[in-house]
Amino acid sequence: MTSIDALMRSVPVIPVLVIDDVAQARPIAEALVKGGLTALEVTLRTPAALDVIREMTRVEGAVVGAGTVLNPRDLDSALAAGAEFIVSPGLTEPLTDAAKANRVPYLPGVATAADIMRGLDHGLDRFKFFPAEAAGGIKALRAHAAVFGQVRFCPTGGITELSAPDWLGIPSVLCVGGSWVVKPGTPDPATIEQAARAAAGLRKAAQG
């Protein structure tokens, strides 16, 4: 099983996917993988989400995770659907314990120093910084990184294709979460593949 650290390092952008129609699942996943984004976060915000995860796991090369996981029940449902990693908007003891018990790669959300400290108490040091822009943006994350040198982040929330390179330029940031790669509405695979290809090159842009 891939560790959460390896997953975060595998792509500069993890697409954050809100999908209402399960028929769109495979074409979207295929276009993302073809464009170079292999780690896909399907948020549990729609009735179709679990079926979407099931469909996307059938796409070769896709590593499909569940986002917006709020409690152990959500985690169990996501794992039963085939999710290979778990992303949560916050950090709670019951969900953290459940993720550890299931030995599943887990990326909980943090917004404050206290959140990070609670995570460290549980043996975690990889976090989603959420909601990134609303929680203070790059200045806030740099401040956290200065205090928690061993911690690495995936900022998510309000990040755009234009701002992503600035976030990726921070040494403690391994990747960002982005909803811009797949826009709402009827997906066009060619457009998604093009957006994925551009996103997959953002780490080089940040380093350059």
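Residues numbered from 1 in each chain as written. Predicted model: local features only at pLDDT ≥ 70, side-chain atom pairs only at ≥ 80, totals over all residues. Heavy atoms only, no water.

S.K.: What's the story with helix α7 (residues 137–147) in this structure? I'm lost.
M.R.: Helical periodicity: at 3.6 residues per turn, an α-helix aligns residues three or four positions apart in one direction. Along α7, the residues that are buried comprise G137, A140, L141, H144 and A145. Looking down the long axis of α7, one finds its buried residues gathered within 135° of arc, a one-sided arrangement. Residues of α7 that are exposed and angled more than 90 degrees away from the buried face: K139, A146 and V147. (Buried < 20%, exposed > 50% of the residue type's maximum accessible area, 1.4 Å probe, protein only. Helix = DSSP H or I, 4+ residues; strand = E, 2+ residues; numbered from the N terminus. Arc of directions from axis to C-beta.)

S.K.: Would you mind going over the sheet that holds strand β6 (residues 109–110) with me for this structure?
M.R.: Hydrogen bonding along the main chain pairs the strands of a sheet, whether they run parallel or antiparallel. If you walk across this open sheet you meet the 3 strands as β6-β7-β8, and the pairing is parallel. Looking at the sheet topology across the chains shown, the edges are occupied by β6 and β8 (152–155). Sheet topology places strand β7 (residues 126–129) next to β8; 4 bridges connect them, and they run parallel. Its bridge partner lying in β8, F127 is registered against F153. Here helix α6 (residues 113–121) sits on the sheet and contacts β6, β7 and β8; the angle it forms with β7, its principal contact strand, is near 155°. (Pairing = 2+ DSSP bridges. Contact = heavy atoms within 4.5 Å. Axes fitted to C-alpha atoms, helices over the stretch in contact; angles between N-to-C directions.)

S.K.: Even after reading the chapter, I still don't get helix α2 (residues 25–34), so can you show me in this structure?
M.R.: Those residues of α2 not exposed but buried are A25, I28, A29, A31, L32 and V33. Those residues of α2 hidden inside the fold are in contact with β1 (13–17), β2 (39–43), α3 (49–56) and α9 (189–200). Immediately downstream of α2, the backbone of G36 shows phi near 105°, a positive value.

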